[in-house]
Amino acid sequence: MKDERQLARKTATALEEPVDRARELAIRLGLDPYPVNYWIVDHDEMNELIAYGGFQRRYPHWRWGMAYDRQQKQDQFGMGKAFEIVNNDNPSHAFLQESNSMADQKAVITHVEAHADFFANNAWFGLYSDRGEVGEPDAAAMLERHAGAIDDYMNDPEIDRTEVERIIDAVLCLEDTIDQHRTLTDERGDDDRDLDDIADRLDDLGLSEDVRQHVFTDEWLDSREDGLEDPSLENPELDLLAYLRDHGMAYDDDRDKAVERESWATDVVDRLREEAYYFAAQKMTKVMNEGWAAYWESLMMGDERFAGDDEFLTYADHQARVLGSPGLNPYKLGKQLWEHVENTANRAEVVDRLLRIEGVTWRNFHDAIDFEAVEAALEPDPLVAGLTANDLDELTARVEAGDERFDPEGVAAAQAGEVDLDRYPWFALTYEGLAERHYSLAKRQYRRFVESISREALERRARYMFDDDRYASIEAALEDIPYTAGWETMRDVRESHNDITFIDSFLTPEFVDSNNYFTYEYSQAAGEYRVASVDAADVKKKLLLQFTNFGKPTIAVYDGNFDNRGELLLGHQYNGVALDEGQAKAVLERVFELWGRPVNLMTVRVEYDDHELEVARRRRQEPEGTEVGVRLRYDGESVTEHDLPPGLTEAIEATDVDYDTKPDDWLA
Amino acid sequence: MGLREDLERFKDVGETRRQDLSEFISYGDLGGSNPDRVQIPIKIVDLPEFAYDKRSMGGVGQGQGGKPEPGQPVGPPEPGDGDEDGEPGEEGADHEYYEMDPEEFAEALDDELGLDLEPKGKRVIEEIEGDFTDITRTGPRGTLDFETLFKRGLKRKLAMDFDEDYVREGLKVDGATPRDVYEWARSQNIPVSMSWIETAAQEIPADELGTWESFEAVEANLDREPTIRRLRREGLKEIPFRRQDERFRYPEIIEKKQKNVVVVNIRDVSGSMRETKRELVERTLTPLDWYLTGKYDNAEFHYIAHDAEAWEVERSEFFGIRSGGGTRISSAYELAAEILESYPFNEWNRYVFAAGDSENSSNDTTDAVIPLMEEIDANLHAYVETQPGGAAINATHAEELERHFGGGDNVAVTRVSDPEDVMDAIYSILSTEASDDE
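Just so it is clear, the structure is predicted and the values come from calculations on it, not from any experiment.

(A) Quick look at the overall build of chain A. Of regular secondary structure, chain A possesses 30 helices and 12 strands. Per-residue burial over chain A gives 58% buried out of 668 residues.

This is the structure we're talking about:
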């Protein structure tokens, strides 16, 4: 026991400097993170934290046990090593495993600082951080309170423990059926501050009409205003958990009827709903947030050599594993998108200047410009790019000359021998200096990025450009290029976007093309998944499907008194993608636990008749199928199926969306 | 700690949340076990949620080295694709597996099928030591049953205890001799000895002699204090431990018949046994192996592959082999008979399971296989016919067996044409034996 504590203390001491330095570097790079408390934990504590979703205490539930069991097993086989846990809180709490190598620790620390910046500055996180002292989250305390309260119910001799578990299970099945674009308290009408906010913010985002129509419909905006109204076919309620909390009952087996729910049960629903809202912010910004952290981690660890020379290989290996895992990897997609944002913003500045060179127009741009000269002009100042401890005299001279890229205090500290510039060269640089040092378009892998701009994009930029013969040469045009443009745009984007708007705005055809993204679909005829499209619009559409509403179908309350019998009518807002009906039926059984009376779900299913399948098979085509509305009803005993009248089918059907990216001739 | 409890709870819940057993047998991954250590991974069904149909949803992938062509097949989507569970740092959620040992599996399968096959104990008799529940008067000190010693001591003390003050008052009766007092005390059921009274008589102060006129006066004026109250007041002080009270624990000796089973699995590996048939055989025979492993103390398995010839193989190869030759099922039974010679039927339960597509060389079934099956003593012979998409004309082996044995005689014949039939086949095989037991 004593030895273990000593190990933790030793680890902590060794990490003090990296922690301090990482924060200084993060701030110098323009980040503005919440303060972070770092905790050194042993291996088992780390597994516990992972099982609890990053927190130290949660309500009793078998799911945590399952996660813990999995974590232990993965451990045994050396898989799934935990690299970082940080939670959205002010101050944020991050956990470092004492047995990790120094390279891993540093990677975690830099990664964590970037997450803490995202938590503090992203508006969607802001939606859920309105409960702490001064507009800040107090997540750990909230979860701890909930843990205590639910634990008390479980141990209350008056309450059947399995009943509590049943309620929890039921709510967990529905944790994504909330209205994540609203704040937690909106539906009670006591928080109307951000309605205009949201509308404004949506305008600011400059989203494509597509996304506005599909995600942020006018109905959606309207529904924010009248959150208190009863749900109806025209105005369904998205926050199913709130609705069940307020209007649900309990089914009494003995008396064979619905009775008022006990207050503890309503309290459990309310608490778990609050947790769902808290975690929603993370789910909504996963790609952005992970990409953001991966971007800054890579810059600090790799480019800025925060990893020592001896640690660099370990780090490179670590990074390759995180970014290289197969499938659609949020770290990788996010990082690539951020790099694209950076490059595009930087290029815009460059191109705008190049277009203002005498004789250069969007038509002759690719011929008239000498891109090697552009490259040379964008090259950072050699001293900024490669300063070492030997450059102290030159650095002092630059500071005295008022060169803003050099930090007078840092240079003075280096003069006084307080800082080793060979280890921490960035100490001598300001934000401007660092931006130039890491200027993306000067990096080898992006050298051709300026040149690769399309003529359409050039034309768009040139269209409203006046004063277009300002410069005589490339050198003159690029002399005052703002090296900070990329980072500034990135910080703006991280403030206002979530994954959907982020992907919608920045997943350009150029991006899809250069990263070999594709969509796949299941072929009924071939009985397997096939590559369906490499078209950027298709890829974006598919990605948006995966991120809209957490990648889950949207389910809303359409009627709380269906058929005038107090039955609940839910609707799956059908967007052309079918529901997993097996799971849906199982969920309905859980909804019954919270409603106490029969529950109904409307959905649309694609049916294929045998004749059509046969014809399609012979012609080697995909069968079309027919969309049919169905109502599933669970009455406490069994699920039955009913036809859905056309009126109701229309109410849940979106006619103007199509997520299918199959080409017509893909089996040929 | 909370998590330990959550883990315990998960293990309990895991019981009830595991994938339906018949679904697992028909469609699950059976590959995770071997006969030495059978661990049966059964998917744990996590809480359901409203989700898209995976196939209808499609997805996005990233080409490795170049742009893929539309129409090109891609593997099944990887877990972790897209936004699954949302916490940063969390890897894509895989399914959790619940591991069953064979005993548990056999029990669960019995539940599922409504069977309760009681394995026959064969003649091998063994003595094993049971719990230390028997008791003897001698034994090593380490097995001394102190509780018994204490209880017996306590009983002894209670039996010997008496109200000493009361007897002393008797000695103060005018003119009473120790013998008088002894007789009086004994008449009162006081367990006092003569020698105690004689000693006590010496100690009565002279001026107290004659305090009472008679024994009647003592009785009228004083109450005897019951032993219990005195013990409460004075405490136990000491318990007399006597050698004759010592008892030693001894393990109970249980005579047990060991339940042995030998299973011969026979599979047709000839050219006509294609992939689908092969898989159906594996799905049917593997759970039977597990089941019997779970039911018996000691299970041995033999695997025979055959085309026109038969040869014994390892389990790991058994389901994968494919040969080109024709089919002569009797070759396998000849080999089975040879193998079973080392497992006398009076000591071993024997099962012979054969599977194939019912195609056999002409007359082999009636001329050779049926006589061999009758000759080989076994609890159960079974033939599993796998004919996805209907039987071929020359596939008559199963039919001929049925005609001959007519469903009785410890012979089960069953047909599996797709995974849905597997459970029925297993049921009809196991229930054939169960019904013969009665």
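Now that the structure has been shown, the text picks up again.
(B) Examining the pairing of strand β10 (residues 298-306) of chain B more closely. Residue and element names in this part refer to chain B. Bridge analysis of strand β9 (residues 260-268) against β10 gives 9 bridges, and the strand direction is parallel. Across the sheet, residue valine 261 finds its bridge partner in β10, namely alanine 299. Read as a crossover between parallel neighbours, the route from β9 over helix α11 (residues 275-295) to β10 is right-handed. In terms of strand pairing, β10 meets strand β11 (residues 310-313) through 4 bridges, oriented antiparallel. When the bridges of β11 are listed, histidine 306 appears paired with alanine 310. Between β10 and the antiparallel strand that follows it, β11, lie 3 residues.

(C) Highlighting unusual backbone geometry. Residues and elements named next belong to chain A. The step from asparagine 90 to proline 91 runs through a cis peptide bond, and the omega angle for that step is -5°. Checked against the element boundaries, proline 91 lands in the loop between β2 (85-87) and β3 (92-97). A positive phi is found at aspartate 256, a non-glycine position, where the angle reads about 60°. By the secondary structure assignment, aspartate 256 is in the loop between β4 (250-252) and β5 (257-259).

(D) Spatial organisation of the packing of aromatic side chains. Residues and elements named next belong to chain A. A complete count under the given rule lists 35 aromatic pairs over all chains for this structure. A centroid spacing of 5.6 Å and a plane angle of 70° characterise the contact between tryptophan 292 and tryptophan 296, whose relative ring orientation is edge-to-face. Note that tryptophan 292 and tryptophan 296 are positioned in helix α13 (residues 286-303) at a spacing of 4 residues, about one turn of the helix. Both residues of the pair, tryptophan 292 and tryptophan 296, belong to the buried class. Above the face of the phenylalanine 306 ring, lysine 106 is positioned so that its terminal group lies 5.6 Å from the ring centre. Above the face of the phenylalanine 550 ring, lysine 283 is positioned so that its terminal group lies 5.3 Å from the ring centre.

(E) Expanded view of the packing of helix α15 (residues 330-354) of chain A against helix α24 (residues 485-496) of chain A. Residues and elements named next belong to chain A. Following both chains from N to C, one finds α15 and α24 inclined at 130°, their axes separated by 8 Å at the closest point. Relative to α24, the element α15 lies oblique. The way α15 lies across α24 gives a crossing that is right-handed. Together, Trp338, Val341, Glu342, Ala345, Asn346 and Glu349 of α15 and Ala485, Gly486, Trp487, Thr489, Met490, Val493 and Arg494 of α24 make up the contact between the two elements. For the contact of α15 with α24, the per-class residue count stands at 7 nonpolar, 3 polar and 3 charged.

(F) Looking closely at the sheet that holds strand β8 (residues 555-562) of chain A. All names here are of chain A. Read across the open sheet, the 5 strands follow the order β8-β9-β10-β11-β12; overall the sheet is mixed. The outermost strands of the open sheet, each flanked by one partner alone, are β8 and β12 (639-643). This sheet shows a mean twist of 30° between the axes of neighbouring strands, independent of strand direction. Here strand β11 (residues 626-634) pairs with β12 via 5 bridges, running antiparallel. Across the sheet, arginine 631 pairs through a bridge with histidine 642, a residue of β12.

(G) Examining helix α29 (residues 610-619) of chain A more closely. The N-cap residue of α29 of chain A is aspartate 609 of chain A: its side-chain oxygen and the backbone nitrogen of histidine 611 of chain A are 3.0 Å apart. Backbone geometry just downstream of α29 of chain A places arginine 620 of chain A in the positive-phi region, at approximately 55°.

(H) Examining the interface of chain A and chain B more closely. With 81 residues of chain A in contact, the opposing surface of chain B contributes 59 residues. Among the residues of chain A in contact with chain B, Trp62, Tyr520 and Tyr529 of chain A are the three that bury the most area, contributing 12% of the side total. Counting across the chain A and chain B interface gives 4 salt bridges. Salt-bridge contacts for glutamate 48 of chain A lead to arginine 4 of chain B; the nearest nitrogen and oxygen are separated by 2.9 Å. Where chain A meets chain B, there are 21 residue pairs in polar contact (both at pLDDT 80 or more). Examining the composition of the side of chain A that touches chain B, we find that 10 residues originate from one element, helix α3 (residues 62-76) of chain A, more than from any other. Of the residues that constitute the side of chain A that touches chain B, the class distribution is 40 nonpolar, 18 polar and 23 charged. Alignment of strand β7 (residues 528-533) of chain A against strand β3 (residues 73-74) of chain B, held across 2 bridges, turns out to be antiparallel. For arginine 530 of chain A, the partnering residue across the bridge sits in β3 of chain B and is proline 73 of chain B.

(I) Looking closely at the sheet that holds strand β14 (residues 411-416) of chain B. All names here are of chain B. Read across the open sheet, the 6 strands follow the order β11-β10-β9-β12-β13-β14; overall the sheet is mixed. Strand pairing shows two members of the sheet lacking a second neighbour, β11 and β14, which therefore form its edges. Pairwise comparison of adjacent strand axes, ignoring direction, gives a mean angle of 20° for this sheet. Note: β9 against strand β12 (residues 349-356), 7 bridges, orientation parallel. Bridge pairing links isoleucine 266 to alanine 354 in β12. Along the sheet, helix α13 (residues 329-340) makes contact with β9, β10, β11, β12 and β13 (380-386), crossing β10 at roughly 150°. Across the sheet, helix α15 (residues 397-405) touches β13 and β14, and the angle it forms with β14 is around 150°.

(J) Representation of the side chain of glutamate 622 of chain A. Turning to its location among the elements, glutamate 622 of chain A is positioned in the loop between α29 and β11. For glutamate 622 of chain A, the side chain forms a polar contact with the side chain of serine 523 of chain A, separated by 2.5 Å.

(K) Molecular detail of helix α12 (residues 263-284) of chain A. All names here are of chain A. Taking 1.5 Å as the rise per residue, α12 with 22 residues should run 32 Å; its terminal C-alpha atoms sit 32 Å apart, in good agreement. The axis of α12 is deflected most strongly, by about 25°, at tyrosine 278. α12 sits mainly inside the fold: 19 of its 22 residues count as buried.

(L) Layout of the pairing of strand β6 (residues 517-523) of chain A. With 7 of 7 residues buried, β6 of chain A is to be regarded as a mostly interior element. Alternating positions in β6 of chain A separate into two faces, Tyr517, Thr519, Glu521 and Ser523 of chain A on one and Phe518, Tyr520 and Tyr522 of chain A on the other, with burial throughout. Examined bridge by bridge, β6 of chain A and strand β2 (residues 59-62) of chain B share 4 bridges and lie antiparallel to one another. By the bridge assignment for β2 of chain B, tyrosine 520 of chain A is matched with glycine 59 of chain B. In terms of strand pairing, β6 of chain A meets β7 of chain A through 5 bridges, oriented antiparallel. Looking across to β7 of chain A, one finds that tyrosine 522 of chain A is bridged to tyrosine 529 of chain A. Where β6 of chain A folds back on β7 of chain A, the antiparallel hairpin that results is connected by 4 residues, among which glycine 527 of chain A adopts a positive phi of roughly 70°.

(M) Representation of the nonpolar core. All names here are of chain A. By size, the foremost hydrophobic cluster in this structure holds 107 residues, and its most contacted members are Trp296, Val350, Leu354, Phe365 and Trp487. Sorting elements by how many residues they give to this core places α13 first, with 9 residues. Two domains each provide a minimum of three residues to this core, namely domain 1 (1-159) and domain 3 (330-510). When neighbours within four sequence positions are excluded, tryptophan 296 is seen to be in contact with Leu29, Leu31, Ala114, Trp487 and Met490. Core analysis: the next-biggest nonpolar cluster, separate from the first, contains 59 residues, Tyr59, Tyr68, Ile167 and Leu579 among them.

The rules behind each value
- Residues numbered from 1 in each chain as written.
- Chains lettered and ligands numbered in written order.
- Predicted model: local features only at pLDDT ≥ 70, side-chain atom pairs only at ≥ 80, totals over all residues.
- Heavy atoms only, no water.
- Helix = DSSP H or I, 4+ residues; strand = E, 2+ residues; numbered from the N terminus.
- Buried < 20%, exposed > 50% of the residue type's maximum accessible area, 1.4 Å probe, protein only.
- Pairing = 2+ DSSP bridges.
- Right-handed = clockwise from strand over helix to strand, strands pointing away.
- Phe/Tyr/Trp six-rings, centres within 6.5 Å; stacked < 30°, edge-to-face > 60°.
- Lys NZ or Arg CZ within 6 Å of the ring centre and 35° of its normal.
- Axes fitted to C-alpha atoms, helices over the stretch in contact; angles between N-to-C directions.
- Parallel < 35°, antiparallel > 145°, perpendicular 65-115°, else oblique.
- Left-handed = near helix turned anticlockwise from the far one by under 90°.
- Contact = heavy atoms within 4.5 Å.
- Nonpolar A, V, L, I, M, F, W, Y, C, P; charged D, E, K, R; others polar.
- Polar contact = N/O pair within 3.5 Å; in protein donor to acceptor, adjacent residues only side chain to side chain.
- Buried area = accessible area lost by both parts, 1.4 Å probe.
- Salt bridge = Lys/Arg side-chain N within 4 Å of Asp/Glu carboxyl O.
- Expected span 1.5 Å × (residues − 1).
- Bend = angle between axes of the 7 residues up to and from the residue.
- Core = buried A, V, L, I, M, F, W, Y, C linked by side-chain atoms within 4.5 Å.
- Domains from an automatic or database assignment.

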